[in-house]
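Letter by letter, the chains look like this.
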Amino acid sequence: MTIDPNLVSYAKNRCAYYSGASLGNLKNGYGELLRFSHVQTVNCLIPINSWFQQRLYYKSQERPSLEYNSFTQLVWAATTKLGCAACEWRSQQEILYLCIFAPAGNIPGQYRNNVLLQ
């Protein structure tokens, strides 16, 4: 997976305009992960660790689930591009981390080929 400048820009734009209610429609073919943190200092390990911890709930299922869909998107083998951003949210009370993935993961019937457990 590589960092894509266009996806970074797209993630920054979505982060900047986030209103707490709706981000609007995500571009077709993209995946997205969000994580809010009460920690005031930006630390990219916060969302990554949170999403990766969901691996404990994934047991080679072939369907999406809120229990592990962040983990499976994070490690989805067919996803080749990534762009992330962090922004203040709720009048600087929290930080929103937002990552865009292309192509999107979590496609039913394709888990065994894309979530490679060791």
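All of the points below concern the structure found in this document. (Residues numbered from 1 in each chain as written. Predicted model: local features only at pLDDT ≥ 70, side-chain atom pairs only at ≥ 80, totals over all residues. Heavy atoms only, no water.)

**Things to note about the state of the cysteines**
Turning to step 1, where the next piece is worked out: Using the criterion set out here, one finds 2 disulfides in the structure.
Turning to step 2, where the next piece is worked out: Each disulfide pairs two cysteine sulfurs, and for Cys-15 the partner residue is Cys-87, the sulfurs being separated by 2.1 Å. Between Cys-15 and Cys-87, the disulfide has an S-S torsion of -95° and is therefore left-handed. Here Cys-15 is found in helix 1 (residues 5–16), whereas its partner Cys-87 is found in strand 3 (residues 81–89), with 72 residues between them in sequence. Note on accessibility: Cys-15 and Cys-87 belong to one class, buried.
Turning to step 3, where the next piece is worked out: Each sulfur in the disulfide pair Cys-84 and Cys-99 lies 2.0 Å from the other. In this structure the cystine formed by Cys-84 and Cys-99 twists about its S-S bond by roughly 110°; its chirality is therefore right-handed. (Disulfide = S-S within 2.5 Å. Helix = DSSP H or I, 4+ residues; strand = E, 2+ residues; numbered from the N terminus. Buried < 20%, exposed > 50% of the residue type's maximum accessible area, 1.4 Å probe, protein only.)

**Brief notes about the pairing of strand 4 (residues 94–102)**
Turning to step 1, where the next piece is worked out: Counting buried residues along strand 4, 9 of its 9 residues qualify, which places the element largely inside the surrounding structure.
Turning to step 2, where the next piece is worked out: Alternating positions in strand 4 separate into two faces, Glu-94, Leu-96, Leu-98, Ile-100 and Ala-102 on one and Ile-95, Tyr-97, Cys-99 and Phe-101 on the other, with burial throughout.
Turning to step 3, where the next piece is worked out: Where strand 2 (residues 31–37) and strand 4 come together, 7 bridges link them in antiparallel fashion. Bridged to Arg-35 within strand 4 is Tyr-97. (Pairing = 2+ DSSP bridges.)

**As for the pattern of salt bridges**
Turning to step 1, where the next piece is worked out: Overall, the coordinates contain 1 salt bridge when judged by the stated rule.
Turning to step 2, where the next piece is worked out: The shortest N-O distance in the salt bridge between Arg-14 and Glu-32 comes to 2.7 Å. Note that Arg-14 is positioned in helix 1 and Glu-32 in strand 2, a separation of 18 residues in sequence.
Turning to step 3, where the next piece is worked out: You can call Arg-14 buried: its relative accessible area is 7%.
Turning to step 4, where the next piece is worked out: Judged by its relative accessible area of 24%, Glu-32 is partly exposed. (Salt bridge = Lys/Arg side-chain N within 4 Å of Asp/Glu carboxyl O.)

**Looking at the packing of aromatic side chains**
Turning to step 1, where the next piece is worked out: Counting across every chain of the model gives 6 aromatic pairs.
Turning to step 2, where the next piece is worked out: Centroid distance Phe-52 to Phe-71: 5.6 Å. Interplanar angle 70°. Geometry classified as edge-to-face. Of the two residues, Phe-52 is situated in helix 2 (residues 45–53) and Phe-71 in helix 3 (residues 69–75); the sequence distance between them amounts to 19 residues.
Turning to step 3, where the next piece is worked out: Between the aromatic rings of Tyr-58 and Tyr-111, the centroid separation amounts to 6.2 Å while the plane-to-plane angle is 25°, which identifies the pairing as stacked. Taken together, the positions of Tyr-58 in the loop between helix 2 and helix 3 and Tyr-111 in helix 4 (residues 111–114) put the pair 53 residues apart, joining distant regions of the chain.
Turning to step 4, where the next piece is worked out: Residue Tyr-58 is classed as buried on the basis of its relative accessible area, which comes to 3%.
Turning to step 5, where the next piece is worked out: One aromatic cluster is present, built from ring pairs that chain together Phe-52, Tyr-58, Tyr-68, Phe-71, Trp-76 and Tyr-111. (Phe/Tyr/Trp six-rings, centres within 6.5 Å; stacked < 30°, edge-to-face > 60°.)

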